[in-house]
Amino acid sequence: MTSEGIEKLIRPSLVNFVGYAASKSPETLVGKVEVPVEDIIKLDANENPYGCSPRVNAALANYPDMNIYPDSGQTELRKLLQAYTGVGSEHIVAGAGSDQLIDIILRLFIESGDEVINCVPTFAMFRFFMGLSDGTLVEVPRDENFMVIVKAVKAAITKKTKLVLLATPNNPTGTVIPRKDILEILDTGLPAVVDEAYYEFSGETMAPLVGQYPNLMVLRTFSKWAGLAGLRIGYGMFPTKIANYLLRIKEPYGVNMAAIVAVRESLKDKDSLMNRVKTIITERERLFEELKKLKWLKPFPSQANFIFCSVLKDKASELQQKLQKKGILVRHFDQPLLQNGVRISVGKPEHTDALIKVLQQLEE
Ligand SMILES: Cc1ncc(COP(=O)(O)O)c(C=O)c1O
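Residues numbered from 1 in each chain as written. Predicted model: local features only at pLDDT ≥ 70, side-chain atom pairs only at ≥ 80, totals over all residues. Heavy atoms only, no water.

## Description of the pairing of strand 12 (residues 331-335)
Each regular strand displays side chains that alternate between the two surfaces of the sheet.
(1) Moving on: In terms of strand pairing, strand 12 meets strand 13 (residues 338-345) through four bridges, oriented antiparallel. Along strand 13, the bridge assignment pairs Q335 with L338.
(2) Moving on: Adjacent in sequence and paired antiparallel, strand 12 and strand 13 are bridged by two residues. (Pairing = 2+ DSSP bridges. Helix = DSSP H or I, 4+ residues; strand = E, 2+ residues; numbered from the N terminus.)

Now the structure itself:
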């Protein structure tokens with residue numbers, strides 16, 4: 001068969017699939033920025049600027065059993081997560097990042113013709129995984145402050161609706177969904193995924209209600225608060241029935257041994273990691289105040305480790321390019337409901353200083 005013939009065999013729904021606009025790795029920017037690659041300030045992927053716990057590095061350097069597959073039942077990992085969350089291990093399933101849990105939840109529930117409600121603008125991976133499924137994404141716009149409009153969510157429910165996706169704090173806007181709004185959506189009876197990737201920064205969670213509601217699923221990650229984005233480890237808390245289905249359909253060894261060791265060590269070092277979270281929250285508030293002083297940016301209050309800003313003068317894409325040239329990476333957005341904005345991850349105080357200095361120069 002010719003390569004054209006082979007291409008014709010690809011699922012038609014994926015021929016025009018555009019993929020995910022992932023953050024740029026600094027090494028791909030050699031020659032495109034005015035600073036050495038090692039001096040690039042990466043504020044484009046909501047990563048933790050302080051790295052992981054030093055205990056993780058030490059434990060991985062000495063880990064003897066890399067040749068052995070991890071426990072596919074995640075027995076120790078789920079126990080560790082029970083101790084951390086207070087939610088019973090029978091409710092918990094871990095994945096290679098919470099991304100992988102979004103994927104398997106959709107695989108569990110969604111087949112051709114099914115609808116999933118998504119409160120946009122929101123985390124782009126929801127749309128990504130729906131694009132890989134045969135379901136239909138029903139987009140319900142948030143209000144002008146990026147708050148979920150519960151009435152609109154309810155009005156979007158049809159006989160085909162299988163799931164509601166809710167990110168809180170929301171990415172890229174930093175907005176928290178009030179608890180009463182989540183409860184009202186849960187009261188519709190529809191399965192709801194509450195993605196709490198930034199929980200440690202907001203302090204608000206639905207986790208204690210897992211198991212009490214047959215339709216509540218809560219997702220978390222170690223990528224942000226524990227600085228483990230590179231190891232890919234997230235988890236979800238589910239009604240036991242759903243957890244058992246997910247345990248059956250997940251890849252047996254999806255969570256690698258290095259990630260399991262990293263969770264073990266991070267949880268032993270929880271207090272110092274949470275102190276870093278506090279430092280990031282303090283820095284978020286300082287960054288917000290500094291951004292507010294620039295009359296051509298409108299920052300939105302955030303409960304996460306990043307701040308979304310509308311760019312009131314010039315194009316956000318140009319701002320992103322100008323910052324990139326100076327070695328500061330941020331993410332820009334230009335979508336119908338997210339026009340001309342940039343999302344800036346909270347870095348160390350010196351990163352804020354460098355960013356603000358360049359922004360002030362651009363203002364002149
Ligand atoms: C809302 C939200 N959910 C999930 C994730 C994915 O996290 P992980 O690194 O665990 O896959 C992110 C990462 O940016 C996010 O913003």
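## Observations concerning the sheet that holds strand 2 (residues 92-95)
(1) Moving on: Taken in spatial order, the seven strands make up an open sheet running 2-8-7-6-5-3-4, and their pairing is mixed. Each edge of the sheet is formed by a strand with only one pairing partner; in this case those strands are strand 2 and strand 4 (136-141). Going across the sheet, the axis of each strand differs from the next one's by a mean of 25°, ignoring polarity.
(2) Moving on: Where helix 5 (residues 97-109) meets the sheet, it contacts strand 2, strand 3 (115-120), strand 5 (161-167), strand 6 (192-195), strand 7 (216-221) and strand 8 (234-237), and its direction lies at approximately 155° from that of strand 7.
(3) Moving on: Packed onto the sheet, helix 6 (residues 124-132) meets strand 3, strand 4, strand 5 and strand 6 and runs at close to 155° relative to strand 4. (Axes fitted to C-alpha atoms, helices over the stretch in contact; angles between N-to-C directions. Contact = heavy atoms within 4.5 Å.)

## Section: the packing of helix 4 (residues 75-85) against helix 11 (residues 257-268)
(1) Moving on: At a closest axis distance of 10 Å, the pairing of helix 4 and helix 11 adopts a crossing angle of 25°. Taken together, helix 4 and helix 11 sit at an angle that is classed as roughly parallel. At the point where helix 4 passes helix 11, the crossing takes the left-handed sense. For the pair helix 4 and helix 11, the contacting residues are E76, L77, L80, L81 and Y84 in the first and I260, V263, R264 and L267 in the second. (Parallel < 35°, antiparallel > 145°, perpendicular 65-115°, else oblique. Left-handed = near helix turned anticlockwise from the far one by under 90°.)

## As for a nonpolar patch on the surface
(1) Moving on: On the surface, a nonpolar cluster with roughly 380 Å² of combined accessible area is contributed by M1, I6 and L9.
(2) Moving on: With respect to the helices and strands, L9 occurs in the loop between helix 1 (3-8) and helix 2 (12-15). (Patch = residues over 30% accessible without salt bridge, like charges linked within 9 Å, V, L, I, M, F, W, Y side chains within 5 Å. Areas by Shrake-Rupley, 256 points an atom, 1.4 Å probe, with all protein chains shown as cover. Salt bridge = Lys/Arg side-chain N within 4 Å of Asp/Glu carboxyl O.)

## Brief notes about the packing of helix 12 (residues 270-293) against helix 14 (residues 349-363)
(1) Moving on: In the contact formed by helix 12 and helix 14, the axes pass within 10 Å of each other and the chain directions differ by 10°. Between helix 12 and helix 14, the interaxial angle falls into the category roughly parallel. Taking contact as the criterion, the partners of E283, R286, L287, E290 and L291 in helix 12 are, on helix 14, P349, T352, D353, L355, I356 and L359.
(2) Moving on: Among the residues forming the contact of helix 12 with helix 14, the class breakdown is six nonpolar, one polar and four charged. (Nonpolar A, V, L, I, M, F, W, Y, C, P; charged D, E, K, R; others polar.)

## Digging into the site of the ligand
(1) Moving on: With respect to spatial proximity, the complete set of residues near the ligand consists of G97, S98, D99, F123, N171, D195, A197, Y198, T221, S223, K224 and R232.
(2) Moving on: Measuring from an oxygen atom of the ligand, one finds a backbone N or O atom of S98 at 2.7 Å.
(3) Moving on: Contact between the ligand and R232: an oxygen atom at 2.7 Å from a side-chain N or O atom of the residue.
(4) Moving on: For the ligand, the accessible surface in isolation is 400 Å², of which the surrounding protein chains cover 94%.
(5) Moving on: The element best represented in the shell around the ligand is helix 5, accounting for three residues.
(6) Moving on: Here the residues of the shell around the ligand sort into three nonpolar, five polar and four charged. (Near = heavy atom within 4 Å. Polar contact = N/O pair within 3.5 Å; in protein donor to acceptor, adjacent residues only side chain to side chain.)

## What to know about empty space enclosed by the protein
(1) Moving on: Enumeration according to the criterion identifies one cavity of 30 Å³ or more in this entry.
(2) Moving on: Of the volumes computed, that of the largest cavity is approximately 40 Å³.
(3) Moving on: As for the largest cavity, its lining consists of P70, D71, S72, Q74, P252, Y253, G254, V255 and I260.
(4) Moving on: Counted by class, the lining of the largest cavity contains five nonpolar, three polar and one charged residues. (1 Å grid on protein atoms, 1.4 Å probe; cavity = no way out; pocket = protein on both sides within 12 Å on 5 of 7 lines; lining within 4 Å. Points joined across faces, edges and corners; volume = space filled by probe spheres on them.)

## Some remarks on the layout of surface pockets
(1) Moving on: Counted as a void, the second largest pocket has a volume near 240 Å³.
(2) Moving on: E47, N48, P49, G51 and G227 are, among the 13 residues lining the second largest pocket, the residues nearest its centre.

## Considerations on the pattern of salt bridges
(1) Moving on: Under the defined criterion, the tally for this structure stands at 19 salt bridges.
(2) Moving on: E265 is the partner of K268 in a salt bridge, and the nearest nitrogen-oxygen pair spans 3.1 Å. Taken as a pair, K268 and E265 lie in helix 11 at a separation of three residues, close to a single helical turn.
(3) Moving on: In this structure, E289 and K292 form a salt bridge, with 3.7 Å as the shortest nitrogen-oxygen distance. In this pair, E289 and K292 both sit in helix 12, three residues apart, roughly one turn of the helix.

## Remarks on the sheet that holds strand 10 (residues 306-311)
(1) Moving on: Taken together, four strands build an open sheet; the order of strands is 9-10-13-12 and the sheet is antiparallel. For this open sheet the edge positions go to strand 9 (297-299) and strand 12, each flanked by a neighbour on one side alone. Ignoring which end each strand starts from, the neighbouring axes of this sheet average 30° apart.
(2) Moving on: Bridging between strand 10 and strand 13 involves five bridges; their strand directions are antiparallel. Looking at strand 13, one finds that I307 is bridged to I344.

## Some remarks on unusual backbone geometry
(1) Moving on: The residue after T168, namely P169, is reached through a cis peptide bond having omega -10°.
(2) Moving on: Checked against the element boundaries, P169 lands in the loop between strand 5 and helix 8 (179-186).
(3) Moving on: Between N171 and P172 the backbone carries a cis peptide bond, its omega angle lying at 15°.
(4) Moving on: Position of P172 among the secondary structure elements: in the loop between strand 5 and helix 8.
(5) Moving on: A positive phi angle is found at F146, which is not glycine, with a value near 65°.

Any link to function would need more than the numbers given here.
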